[in-house]
Amino acid sequence: MTTLLPTSIVGSLPKPSWLAQPETLWSPWKLEGPALVEGVQDALRITVEEQRQAGLDIISDGEQSRQHFVTTFIEHLSGVDFDQRETVRIRDRYDASVPTVVGAVSREKPVFVEDAKFLRQQTDQPIKWALPGPMTMIDTLYDRHYKSREKLAWEFATILNQEARELEAAGVDIIQFDEPAFNVFFDDVKDWGIAVLERAAEGLRAETVVHICYGYGIKANTDWKATLGAEWRQYETSFPLLQQSSIDTISLESHHSHVPLDLIELIRGKKVMLGAIDVASDTIETPEEVADTLRNALRFVDADKLIPSTNCGLAPLSREVARGKLRALSAGAALLRDQLAGATA
């Protein structure tokens, strides 16, 4: 990208009401069979147009083809039984009923590649596709087969690499791995988490991103955030390791968080996708607020490596609020872009 401060969403946008229940995270599909395929494609067209009208520079699928950012991918793999369910603690925050790994996991066919090809046909702008990260995948399952978090993570990394390579061949410019688990399982991150993530991204020519946030604006996450104190220093563990990794871009939460901005210094040299939009509030940011968030980060990241973004996904919000936040993101980045141009004129 030659655009200074290119804007992008992190992941999800609200789905149309005819596809899934509005303002409900991980809502079941309202369609099935061929009607679901057609409905997803219609939703993809809409989400591309909404991002384009908002002025975003990098176009994403808005997770229109995913009911859940992890399990929709896992549903397409063999070795996982969705009828055998167990209750597990997700990221040490809340209990959930999850499918069970009952045998060797494998990917029999591409999962999102056809959707990515369709997205590629809708725009000439750079496109980004998000996949679940290996550590977050194993945290969303009950493992009865491998009985080793690390071993299962390596298996998933190989599968993710297969998918990522085919997404790249389908025209995807940027591939993002979502790893909120990096903010919880610090010993695993150090021992094998970074290596497993690099395996998932191995050999890619597309730019790679790892997204590490504090989650959607749901009660389980906001309650957890309330226990983290005046400073959220979880990134302090993963950032120095990621700075030495092969991953191109690090995505983090910033606006209305308690993340000390100087932690960005720990990834100096990497591209930084900075969350400048709060996904836990219906209040639409002003362009000035967005610009201020971005400007403050420039003490620790060069402007040509800063990518303005959202903190996390916008799926639980209304479509009107989400559109307003996209416009604010674009306008705030443009405001700072103009100010930086004026300062060098």
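Residues numbered from 1 in each chain as written. Predicted model: local features only at pLDDT ≥ 70, side-chain atom pairs only at ≥ 80, totals over all residues. Heavy atoms only, no water.

Caption draft 1: Quick peek at the pairing of strand 2 (residues 77–90). Across ten bridges, strand 2 lies against strand 3 (residues 94–107) in antiparallel orientation. Looking across to strand 3, one finds that L77 is bridged to R107. Counted between consecutive antiparallel strands, the loop separating strand 2 from strand 3 contains three residues, among which R91 sits at a positive phi close to 50°. (Pairing = 2+ DSSP bridges. Helix = DSSP H or I, 4+ residues; strand = E, 2+ residues; numbered from the N terminus.)

Caption draft 2: Representation of the packing of helix 6 (residues 186–200) against helix 8 (residues 235–243) in the model. Relative to each other, helix 6 and helix 8 sit at 30°, their axes nearing to 10 Å. Our classification of the angle between helix 6 and helix 8 gives roughly parallel. The two elements helix 6 and helix 8 cross, and the hand of that crossing is right-handed. Within the contact between the two elements, helix 6 uses F186, V189, K190, I194 and L197 and helix 8 uses T237, S238, L241 and L242. For the contact of helix 6 with helix 8, the per-class residue count stands at six nonpolar, two polar and one charged. (Axes fitted to C-alpha atoms, helices over the stretch in contact; angles between N-to-C directions. Parallel < 35°, antiparallel > 145°, perpendicular 65-115°, else oblique. Left-handed = near helix turned anticlockwise from the far one by under 90°. Contact = heavy atoms within 4.5 Å. Nonpolar A, V, L, I, M, F, W, Y, C, P; charged D, E, K, R; others polar.)

Caption draft 3: Up close: the sheet that holds strand 5 (residues 142–143). With mixed pairing, the three strands of this open sheet are ordered in space as 2-3-5. Of all the strands in the sheet, the pair left with one neighbour each is strand 2 and strand 5. Pairing analysis gives two bridges linking strand 3 to strand 5, with the strands arranged parallel. Bridge pairing links T100 to Y142 in strand 5.

Caption draft 4: Examining the environment of K225 more closely. Summarising the element assignment, K225 is placed in helix 7 (residues 219–225). Each C-alpha atom, one on K225 and one on E198, is 28 Å from the other, the two residues being 27 residues apart in sequence.

Caption draft 5: Structural view of unusual backbone geometry. Phi is positive for E23, close to 55°, though the residue is something other than glycine. Considering the arrangement of structural elements, one finds E23 in the segment before helix 1 (34–54). You can call E23 exposed: its relative accessible area is 52%. Positive phi, normally seen in glycine, also occurs at E63, with a value near 55°. Along the polypeptide, E63 turns up in the loop between strand 1 (59–60) and helix 2 (71–74). (Buried < 20%, exposed > 50% of the residue type's maximum accessible area, 1.4 Å probe, protein only.)

Caption draft 6: Layout of the environment of T140. Looking at where T140 falls in the secondary structure, it is placed in the loop between helix 4 (134–138) and strand 5. On the accessibility criterion, T140 (8% relative accessible area) is buried. Residues T140 and T87 lie 53 residues apart in sequence; the distance between their C-alpha atoms is 10.0 Å. Setting aside residues no more than four positions away along its own chain, T140 makes contact with H68, V70, T71, I90, R91, V98 and P99.

Caption draft 7: Seen up close, the packing of aromatic side chains. Per the stated rule, a full pass over the model turns up seven aromatic pairs. Seen in terms of ring centroids, Y214 and W232 are 4.8 Å apart; in terms of plane orientation they differ by 40°. Their pairing is tilted. Within this pair, whereas Y214 is found in the loop between strand 7 (207–212) and helix 7, its partner W232 is found in the loop between helix 7 and helix 8, the two being separated by 18 residues in sequence. Overall, W232 belongs to the buried group, its relative accessible area being 3%. Judged by centre distance (4.6 Å) and plane angle (10°), the ring pair of Y235 and F239 falls under stacked. Residue Y235 and its partner F239 are located together in helix 8, separated by four residues, close to a single helical turn. Ring pairing ties together the aromatic residues Y214, W224, W232, Y235 and F239, which thus form one cluster. (Phe/Tyr/Trp six-rings, centres within 6.5 Å; stacked < 30°, edge-to-face > 60°.)

Without other data, these values stay purely geometric and don't point to any function.
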